Amino acid sequence: MTDIKHHLTDALLMAYSAGTLPEAFNLTIAAHLSMCDDCRARLGAFDTVGGSVLEQCNRAPMDQGSLEATMARIMSAPTQAEDGKPKPGAASDLPAPLVDYVGGSLESVKWRPVGMGVKQAILPTSREATARLLFIPAGAAVPDHGHRGTELTLVLRGAFQDETDHFGPGDIEVANEDLHHTPVADIGADCICLAATDAPLRFRGLIPRIAQPFLRI
Ligand SMILES: [Zn+2]
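Residues numbered from 1 in each chain as written. Predicted model: local features only at pLDDT ≥ 70, side-chain atom pairs only at ≥ 80, totals over all residues. Heavy atoms only, no water.

*Asks:* Whenever I open this one, the overall build of the chain confuses me. Can you help?
*Replies:* Regarding its fold elements, the chain presents 6 helices and 9 strands. Per-residue burial over the chain gives 40% buried out of 217 residues. Looking at the chain alone, contacts between residues at least 24 apart form 67% of all its contacts between residues at least 6 apart. Roughly 13,000 Å² of accessible area belongs to the chain as shown, and the carbon and sulfur atoms make up 55% of that amount. (Helix = DSSP H or I, 4+ residues; strand = E, 2+ residues; numbered from the N terminus. Buried < 20%, exposed > 50% of the residue type's maximum accessible area, 1.4 Å probe, protein only. Contact = heavy atoms within 4.5 Å. Areas by Shrake-Rupley, 256 points an atom, 1.4 Å probe, with all protein chains shown as cover.)

*Asks:* Help me understand the pairing of strand E3 (residues 130-136) in this model?
*Replies:* Along any regular strand the residues' side chains alternate between the sheet's two faces. Among the 7 residues of E3, 6 are classified as buried, and the element is accordingly described as predominantly covered. Here strand E2 (residues 118-123) runs beside E3; their pairing, made up of 5 bridges, is antiparallel. For Ile 122, the partnering residue across the bridge sits in E3 and is Arg 132. Here E2 folds back onto E3, and the loop between the two strands holds 6 residues. With 7 bridges connecting them, E3 and strand E9 (residues 191-197) associate as antiparallel partners. Bridged to Leu 133 within E9 is Leu 194. (Pairing = 2+ DSSP bridges.)

*Asks:* How should the packing of helix H2 (residues 23-35) against helix H3 (residues 37-56) be read in this particular structure?
*Replies:* The axes of two packed helices give the description: the angle between them and the distance between them. Across the interface, H2 lies against H3 with an axial gap of 6 Å and an inter-helix angle of 115°. As summarised for this structure, H2 and H3 are arranged roughly perpendicular, according to the angle between their axes. The handedness of the crossing between H2 and H3 comes out as left-handed. Here His 32, Leu 33, Ser 34 and Met 35 of H2 lie close against H3, whose contacting residues are Asp 37, Cys 39, Arg 40 and Leu 43. Class assignment of the residues belonging to the contact of H2 with H3 gives a composition of 4 nonpolar, 2 polar and 2 charged. (Axes fitted to C-alpha atoms, helices over the stretch in contact; angles between N-to-C directions. Parallel < 35°, antiparallel > 145°, perpendicular 65-115°, else oblique. Left-handed = near helix turned anticlockwise from the far one by under 90°. Nonpolar A, V, L, I, M, F, W, Y, C, P; charged D, E, K, R; others polar.)

*Asks:* Quick question: what am I supposed to make of the sheet that holds strand E1 (residues 112-115) here?
*Replies:* The strands that make up a sheet are held in pairs by hydrogen bonds between backbone atoms, and each pair lies either parallel or antiparallel. Overall, antiparallel pairing links the 6 strands, which are arranged E1-E2-E3-E9-E4-E7 in an open sheet. Each of the sheet's edge strands pairs with one partner strand only, and the pair in question is E1 and strand E7 (172-175). Strand-to-strand twist in this sheet, taken as the mean axis angle between neighbours without regard to direction, amounts to 30°. Lying on the sheet, H2 is in contact with E2, E3, strand E4 (151-157), E7 and E9; it crosses E4 at an angle near 40°.

*Asks:* Sorry if this is basic, but what is going on with the coordination of the zinc ion here?
*Replies:* The expected angle between donors at a tetrahedral four-coordinate metal is 109.5 degrees. At an octahedral six-coordinate metal it is 90 or 180 degrees. Distances from the zinc ion to its protein donors, His 7 (ND1), His 32 (NE2), Cys 36 (SG) and Cys 39 (SG), fall at 2.0 to 2.3 Å. Of note is the zinc ion, whose 4 donor atoms meet at the metal with angles of 91 to 134° in an arrangement that counts as tetrahedral. (Donors = N, O, S within 2.8 Å, 3.2 Å for Na, K, Ca; no water. Tetrahedral: all angles 85-135°; square planar, octahedral: opposite > 155°, others 65-115°.)

*Asks:* Where do I start with the sheet that holds strand E8 (residues 184-185) in this structure?
*Replies:* Read from one edge to the other, the open sheet built from 3 strands follows the order E6-E5-E8, with strand pairing classed as antiparallel. One side of each edge strand has no neighbouring strand; the edge strands of this open sheet are strand E6 (166-167) and E8. Here strand E5 (residues 160-161) runs beside E8; their pairing, made up of 2 bridges, is antiparallel. Its bridge partner being in E8, Gln 161 is matched across the sheet by Val 184.

*Asks:* Can you walk me through a nonpolar patch on the surface in this structure?
*Replies:* Residues Leu 67, Met 71, Ile 74 and Met 75 make up a contiguous nonpolar surface patch of roughly 460 Å² in combined accessible area. Along the chain, Ile 74 turns up in helix H4 (residues 66-76). (Patch = residues over 30% accessible without salt bridge, like charges linked within 9 Å, V, L, I, M, F, W, Y side chains within 5 Å. Salt bridge = Lys/Arg side-chain N within 4 Å of Asp/Glu carboxyl O.)

*Asks:* Please explain the pairing of E2 as it appears in this structure.
*Replies:* Sheet analysis places E1 next to E2, joined by 3 bridges and oriented antiparallel. Looking across to E2, one finds that Gly 115 is bridged to Val 118. Between E1 and E2, which pair antiparallel one after the other, the connecting turn spans 2 residues, and Met 116 there sits at a positive phi close to 55°.

*Asks:* What is the right way to read the environment of Ile 192 from this model?
*Replies:* Position of Ile 192 among the secondary structure elements: in strand E9. The exposure class of Ile 192 is buried, given its relative accessible area of 7%. Ile 192 sits 36 residues away from Leu 156 along the chain, and the two C-alpha atoms are 5.5 Å apart. Excluding residues within four positions of it along the chain, Ile 192 makes contact with Leu 106, Trp 111, Leu 134, Phe 135, Leu 154, Val 155, Leu 156 and Arg 157.

Next up, the structure:
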């Protein structure tokens, strides 16, 4: 995909490379990386720094016989090719890192309504952060919200517009406490996003109160 214009920040790529992010962020970043050659190349630079640090670390000796024990395990492990089953999602419409979380393709997503036509599906990740798929019907808005932490939003299908810019397939928006926004899906197609948050959005519990101005549309 060459027309991606919204990319990951250096800070996020560095943290991803260092392995210090919660699972929901890793998943969203991995999904963007699978769609974005630019960010994959930039990640390579950070990974190289990590590799170089490792090379220069003092060695810590392992127990006697560790190598033999590891080799013995490798030799006695069953070969996986005998499984025979085709990998689910081999032809999935989702980025590869997402396939296992969803259990296949977009068809298998178990959507739950969150109001005003917007639907979501929370994905199973560790609890420090939350990953969810968002379905925003064409022309509809996600209720205006702020952020208590960081929110990453990766567009998988369709596109949305908010106060900052227009985001299409593969684009990732990095929002923090400073951003208050109202993402609106393009008229032409339903918009499906993967969003990761490390703190509750400020519209949680507010939906009943903000529903009225939206219904006025
Ligand atoms: Zn990118």
